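Fold and geometry: a report
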Amino acid sequence: MASPLLRLEGVSKSFGGLVAVRDVSLELAEGRIAALIGPNGAGKTTLFALMSGFLRPDTGRIVFAGEDITGVPPHLNARRGMTRTFQIVQPFAAQTVRENIAVGAHLHCAGRREALAEAERVAQRVGLAPQLDKPAGDLTVAGRKRLELARALATRPRLLLLDEVLAGLNPQEVAEMVPVVRSIADGGVTVLMIEHVMQAVMHLASHVWVLSQGELIAAGSPGEVTRDPRVIEAYLGHGTAQRLGRLVEPA
Ligand SMILES: Nc1ncnc2c1ncn2[C@@H]1O[C@H](COP(=O)(O)OP(=O)(O)OP(=O)(O)O)[C@@H](O)[C@H]1O
């Protein structure tokens, strides 16, 4: 079997007395869309920060493309091919969409002209081409989400970590964004997404990890994890799986 693109071995992180991520091990194969789900405060964003180098784990090891990257800072991980997006999108509001995307492209484009040309190509991929000359501050929420995606894509990632790119979008905007994410993966980028919009997870992800109170409690296909009693309990509270079981039992 091919070695995984990303491997976490026993990764933990505490903030003071709070264990945000506890002993997480996982392997992400190249060429798939996978998702990380879990209730609020489960540790998903902390895990992304650990993977991408914004935080250093207290214990454990992170291996990307065969190299130990534990404690390696984000800009070096981006050079290696791992880039993340942020839940709260903060573009340079006064700069145009083109200039904002070019920021990501500067990672591998030597000059400004080359970076701006790359920005145009990336804008096509995420449906932002008509907005290229607008100030980023004029974009709608959906437009800002696309811009965040574009800035990350412009770094030419091998692995893209998407932190809730669908949050705050209405159902139609979600439906429009799903094929954009799929086409990125079809273009050869491995995608790991944190997502609360379960319908999109069901459509996009072939594999799902579920985090609750810092621990991985389930993994499998979207169908498998959403039927898992531990996952139902984590989302809806103690005793729910049993109550639901009673509800669906034949009379
Ligand atoms: N820098 C920090 N300092 C202290 N506590 C933190 C810090 N970052 C996260 N936490 C805590 O760690 C826990 C996990 O937070 P995290 O943001 O990773 O969860 P999450 O699953 O991403 O939640 P959400 O779905 O609400 O974004 C929470 O209890 C949070 O309050």
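So, a few notes on the structure that sits alongside this text. (Residues numbered from 1 in each chain as written. Predicted model: local features only at pLDDT ≥ 70, side-chain atom pairs only at ≥ 80, totals over all residues.)

**Details of the pairing of strand β8 (residues 190-194)**
Within β8, five of the five residues are buried, which leaves it mostly tucked inside the rest of the structure. Where burial is concerned, the two faces of β8 agree: the one with T190, L192 and I194 and the one with V191 and M193 are both buried. As judged from the five bridges shared by strand β7 (residues 159-163) and β8, these two strands associate in the parallel manner. Counted as the bridge partner of L162 is M193 from β8. Note on the crossover from β7 through helix α6 (residues 171-186) to β8: the handedness is right-handed. (Buried ≥ 20, exposed ≤ 12 C-beta atoms within 10 Å, placed from the backbone. Helix = DSSP H or I, 4+ residues; strand = E, 2+ residues; numbered from the N terminus. Pairing = 2+ DSSP bridges. Right-handed = clockwise from strand over helix to strand, strands pointing away.)

**Here we look at the sheet that holds β7**
On the basis of which strands lie adjacent, the open sheet formed by six strands has the order β6-β7-β8-β3-β9-β10 and mixed pairing. Each of the sheet's edge strands pairs with one partner strand only, and the pair in question is β6 (82-84) and β10 (215-220). If you compare each strand with its neighbour and ignore which way they point, the axes differ by 15° on average. Across the sheet, helix α9 (residues 229-236) lies against β9 (207-212) and β10, angled at about 130° from β10, the strand it touches most. (Axes fitted to C-alpha atoms, helices over the stretch in contact; angles between N-to-C directions. Contact = placed C-beta atoms within 7 Å.)

**Observations concerning the site of the ligand**
In the vicinity of the ligand, the contacting residues are F15, L18, A20, G38, N40, G41, A42, G43, K44, T45 and T46. For the shell around the ligand, the element with the highest residue contribution is helix α1 (residues 44-52), accounting for three residues. Taken together, the residues of the shell around the ligand sort by class into four nonpolar, six polar and one charged. (Near = placed C-beta within 6 Å. Nonpolar A, V, L, I, M, F, W, Y, C, P; charged D, E, K, R; others polar.)

**Digging into α1**
Of all nine residues in α1, eight are buried, a share of seventy percent or more. Restricting attention to buried positions, one finds in α1 the residues K44, T46, L47, F48, A49, L50, M51 and S52. Backbone geometry just downstream of α1 places G53 in the positive-phi region, at approximately 95°.

**Observations concerning the sheet that holds strand β2 (residues 18-28)**
Pairing is antiparallel across the open sheet formed by four strands, whose spatial order is β2-β1-β4-β5. A single partner strand is all that each edge strand has here, and the edge strands are β2 and β5 (67-68). Its contacts with the sheet place α1 against β1 (6-15), β2 and β4 (59-64), and it is angled at close to 60° to β2.

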